[in-house]
Amino acid sequence: MTQFELNKHLLEAVVGSKIELQHIENLLKLGADPLGSDEEFDKDNHIIEDIFCYAEENEKLADCIEDVMNLFFKYGMDISSKNDEYDGENNLNPLWSLAFNSSESGLKILKLLLDHGIDTESVEIMAEHILVDVCLWSYDLSKMESRFYEREVFSIKMIMLAASYRYILDGSDYLRREIWYDKNNFDTEKFRNWNDFDNLI
């Protein structure tokens, strides 16, 4: 079985109608790579990007996304290894796609990544995509449908969740500037629990 075939089987196992963690782990043991591609003609693709997006709509995946991510970590997933300079052809860091997941599962994924020490550069890529593209897009559409307002709220929660980790805030001038941290100097750690977010702003 080729690497592309292994990765394709892994993607199908994670986003399919029946999610079996043991089967996912068996594929990882065989060398399936969540940061790899399932398409030979697009070797710079990362199947984890599809998983991030599927987790928003797939309730079964959303329910077990933490278990799936922990398996990926167990078998050595390191998203920071994909911080190659963008040359107009290669895909951006996979966290760029996490910005599309404006839901509880997106927050769970981000928290796990932060708890495992995801690098500041990866987080900045996600944050910039949220602030420059996703929030503006959701804001425009929220005037027509309320569900897009909810997406915008989740996106802001992702930004503040990232800022609640001191090592991210200390290492990111971009994030400090965008949340006006140095001007307001508020306790960002309070935003670690996104379910209490509405009581903090």
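Please refer to the structure placed before this passage.
Position numbers for residues count from 1 along each chain, tracking the sequence in the order it is written. Note on the predicted model: pLDDT of at least 70 is required for a residue's local features to be given, and 80 or more for side-chain atom pairs to be given and counted; whole-chain, interface and lining totals, by contrast, use all residues. Neither water nor hydrogens contribute to the side-chain values; these are computed over all heavy atoms in the structure.

To continue, consider the overall build of the chain. Here a strand is any run of E in DSSP of at least two residues, a helix any run of H or I of at least four, and the numbering for each starts at the N terminus. For the chain, the count of helices and strands is 11 helices and zero strands. Counting from the amino terminus, helix and strand elements in the chain follow one another as α-α-α-α-α-α-α-α-α-α-α. When accessible area is computed with a 1.4 Å probe and restricted to protein chains, residues below 20% of their type maximum are described as buried, those above 50% as exposed, and intermediate ones as partly exposed. The 201 residues of the chain split such that 48% are buried. For the area figures, the Shrake-Rupley method with a 1.4 Å probe applies, and any residue is considered shielded solely by the protein chains shown. Counting only carbon and sulfur atoms, one obtains 46% of the accessible surface of the chain, whose full area is about 10700 Å².

With that settled, the discussion passes to the pattern of salt bridges. Pairing of side chains with opposite charge becomes possible as their charged atoms draw close. A carboxyl oxygen of Asp or Glu within 4 Å of a side-chain nitrogen of Lys or Arg is what we treat as a salt bridge. All chains considered together, the criterion is met by seven salt bridges. Here Lys 74 makes a salt bridge to Glu 25, at a shortest N to O gap of 2.8 Å. Of this pair, Lys 74 sits in helix α4 (residues 59-74) while Glu 25 sits in helix α2 (residues 21-29), placing them 49 residues apart in sequence. The exposure class assigned to Glu 25 is buried, which follows from its relative accessible area of 12%. Two residues, Asp 170 and Arg 166, come together in a salt bridge whose shortest N-O distance is 3.0 Å. Taken as a pair, Asp 170 and Arg 166 lie in helix α9 (residues 166-171) at a separation of four residues, close to a single helical turn. For Arg 166, a relative accessible area of 38% gives the class partly exposed. Shared partners join several salt bridges into a network, and the residues in it are Arg 166, Asp 170, Arg 176 and Asp 182.

The subject of this paragraph is the nonpolar core. What makes a nonpolar core is a set of buried Ala, Val, Leu, Ile, Met, Phe, Trp, Tyr and Cys residues whose side-chain atoms join them at distances within 4.5 Å. Formed by 55 residues in total, the largest nonpolar core has its most connected members in Met 69, Phe 72 and Leu 113. Ranked by residues supplied to this core, first place goes to α4 with eight residues. Contact criterion: two residues are considered in contact whenever any of their non-hydrogen atoms come within 4.5 Å of each other. Dropping the residues within four chain positions of it, Leu 113 is found in contact with Met 69, Phe 73, Met 77, Ile 79, Leu 95, Leu 98 and Ile 118.

Only Phe, Tyr and Trp rings are paired, with Trp represented by its six-membered ring, and only when their centres lie within 6.5 Å; those with planes under 30 degrees apart are stacked, over 60 edge-to-face, the remainder tilted. Scanning all chains against the criterion turns up two aromatic pairs. Their ring planes at 85 degrees and their centres at 5.4 Å tell us that Trp 96 and Phe 100 sit as a pair that is edge-to-face. Given the relative accessible area of 28%, Trp 96 is considered partly exposed. Since its relative accessible area comes to 34%, Phe 100 is described here as partly exposed.

Tracing the chain through its elements places Thr 188 in the segment after α11 (181-184). For Thr 188, the side chain forms a polar contact with the main-chain oxygen of Ala 163, separated by 2.8 Å. Once you skip the residues sitting within four places of it in the chain, Thr 188 turns out to touch Ala 163, Ser 164, Leu 169, Ile 179 and Tyr 181. Pairs of N or O atoms within 3.5 Å make up the polar contacts considered here, provided that, within protein, one atom can donate a hydrogen while the other can accept it, and that residues adjacent in sequence are counted only when both atoms are side-chain atoms.

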